[in-house]
Amino acid sequence: MTITEIRNKDYEPLRNLFLNERQRTFSWLDPSEFQLDDFEKHIQGETVLVALENDIPIGFISIWMPNNFIHHLYIDQEHQGKNIGTELLKAAIKKTKFPVTLKCLEQNSKAVDFYKRKGFVEKEKGNSEHGTYILFELLENIH
């Protein structure tokens, strides 16, 4: 697996990955809320790093650099549990400054557990249109 900045040819496969994984992850929401063209809207102005296997995108992380804010981290379901998310986080952290923050819906327990294992600390909770979210902060390199 390699990690690189997003390339033009990565957009199409990542559009599909983003749509499929959000529909799968946020199963309690109406799947019609998610659209194929959401990918470009959500990553606009962000730094995007892509995990590739045999030159095929299998995951990505996007960072809003002005705030060191991780906006998205998605791994194709077939490739989850293989340390890809951890490697994408490490690569993103190399490009940012501490503290690094992110928001995660509380109902997304798999992601909440992942970020806690990596050393992110819960700073506060808030409400969104999709439920309660947790604001996480990382002050040092991940575990």
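Residues numbered from 1 in each chain as written. Predicted model: local features only at pLDDT ≥ 70, side-chain atom pairs only at ≥ 80, totals over all residues. Heavy atoms only, no water.

Draft legend 1. How the structure looks around the pairing of strand E7 (residues 131-138). The buried count for E7 comes to 6 of 8 residues, which makes it a mostly enclosed element. Pairing between strand E5 (residues 100-105) and E7: 6 bridges, direction antiparallel. Residue pairing for E7: Leu102 is matched across the bridge by Phe136. Relative to E7, strand E6 (residues 121-128) is paired through 7 bridges, and the arrangement is antiparallel. Bridge pairing in E7 places Val121 opposite Glu137. Hairpin connection from E6 to E7: 2 residues lie between these consecutive antiparallel strands. (Buried < 20%, exposed > 50% of the residue type's maximum accessible area, 1.4 Å probe, protein only. Helix = DSSP H or I, 4+ residues; strand = E, 2+ residues; numbered from the N terminus. Pairing = 2+ DSSP bridges.)

Draft legend 2. Region of the structure containing the packing of aromatic side chains. A full pass over the atoms with the stated rule returns 11 aromatic pairs. Between Phe114 and Tyr115, the ring centres sit 5.3 Å apart and the planes meet at 70 degrees, which makes this aromatic pair edge-to-face. With a relative accessible area of 7%, Tyr115 lands in the buried category. Taking 6.2 Å as the distance between ring centres and 45 degrees as the angle between the ring planes, the aromatic pair formed by Tyr115 and Phe136 counts as tilted. (Phe/Tyr/Trp six-rings, centres within 6.5 Å; stacked < 30°, edge-to-face > 60°.)

Draft legend 3. Region of interest: the layout of surface pockets. There is about 1200 Å³ of room inside the largest pocket. Residue lining of the largest pocket: 44 residues in total, with Phe26, Leu73, Tyr74, Asn108 and Ala111 positioned closest to the centre. Mapped by element, the contributors of at least two residues to the lining of the largest pocket are helix H1 (11-25), helix H2 (38-43), strand E4 (69-75), helix H3 (84-95), E5 and helix H4 (109-117). Top contributing element to the lining of the largest pocket by residue count: E4, with 7 residues. (1 Å grid on protein atoms, 1.4 Å probe; cavity = no way out; pocket = protein on both sides within 12 Å on 5 of 7 lines; lining within 4 Å. Points joined across faces, edges and corners; volume = space filled by probe spheres on them.)

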